[in-house]
Amino acid sequence: VMTGLCVRQDVAILGEITLAGVLWPLEQVNEAEVSTARQANIRHLILPEDNVRQIERVPDDVRDGLKITGIVRLMDVLPLLFLPPANSDFYSQD
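The structure presented is a predicted model; accordingly, all values stated were derived computationally and were not measured.

A. Summary view of the environment of L78. Mapped onto the elements of the fold, L78 is located in helix α3 (residues 74–81). On a C-alpha basis, the gap between L78 and V7 in space is 9.7 Å, while along the polypeptide they are 71 residues apart.

B. View of the nonpolar core. Membership of the largest hydrophobic core is limited to 12 residues, which are A12, L14, V29, V34, A37, I42, L45, L47, I55, V58, V62 and L66. When contributions to this core are tallied by element, the ones reaching two or more residues are α1 (31–39) and β5 (44–48). Beyond its immediate stretch of four places on either side in the chain, I42 contacts Q9, D10, V11, A12, A37 and L66. With six residues, the next largest nonpolar core counts V11, L23, I46 and V77 among its residues.

C. Highlighting the side chain of D10. Assignment of secondary structure puts D10 in the loop between β1 (6–7) and β2 (11–13). At a separation of 2.9 Å, a polar atom in the side chain of D10 contacts the side chain of R8. The residues contacting D10, other than those within four sequence positions of it, are N41, I42, R43 and H44.

D. The arrangement of unusual backbone geometry in detail. Although it is not a glycine, N41 adopts a positive phi angle of roughly 65°. Within the fold, N41 resides in the loop between α1 and β5.

What counts, and at which threshold
- Residues numbered from 1 in each chain as written.
- Predicted model: local features only at pLDDT ≥ 70, side-chain atom pairs only at ≥ 80, totals over all residues.
- Heavy atoms only, no water.
- Helix = DSSP H or I, 4+ residues; strand = E, 2+ residues; numbered from the N terminus.
- Core = buried A, V, L, I, M, F, W, Y, C linked by side-chain atoms within 4.5 Å.
- Buried < 20%, exposed > 50% of the residue type's maximum accessible area, 1.4 Å probe, protein only.
- Contact = heavy atoms within 4.5 Å.
- Polar contact = N/O pair within 3.5 Å; in protein donor to acceptor, adjacent residues only side chain to side chain.

Below, the structure is given as structure tokens:
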């Protein structure tokens, strides 16, 4: 409400964000978590960078159609979570 940004409804984050804004890795990423995300119509799964390799153990048919992004810091995920207002250069680096 304060920023005028809309939160994407097709994105999910796995992991724990510390008060310092660091995304801590999970012990493991399993098929059930990925399958649940797909059932919830999630199209983009964001997880700690350290867990990206674990996603390869999840069967292809469960991962099919999911974009997987690994991040380290909360600031890395913000542009992936929010839709900028129409006609805006909100995320512009200029």
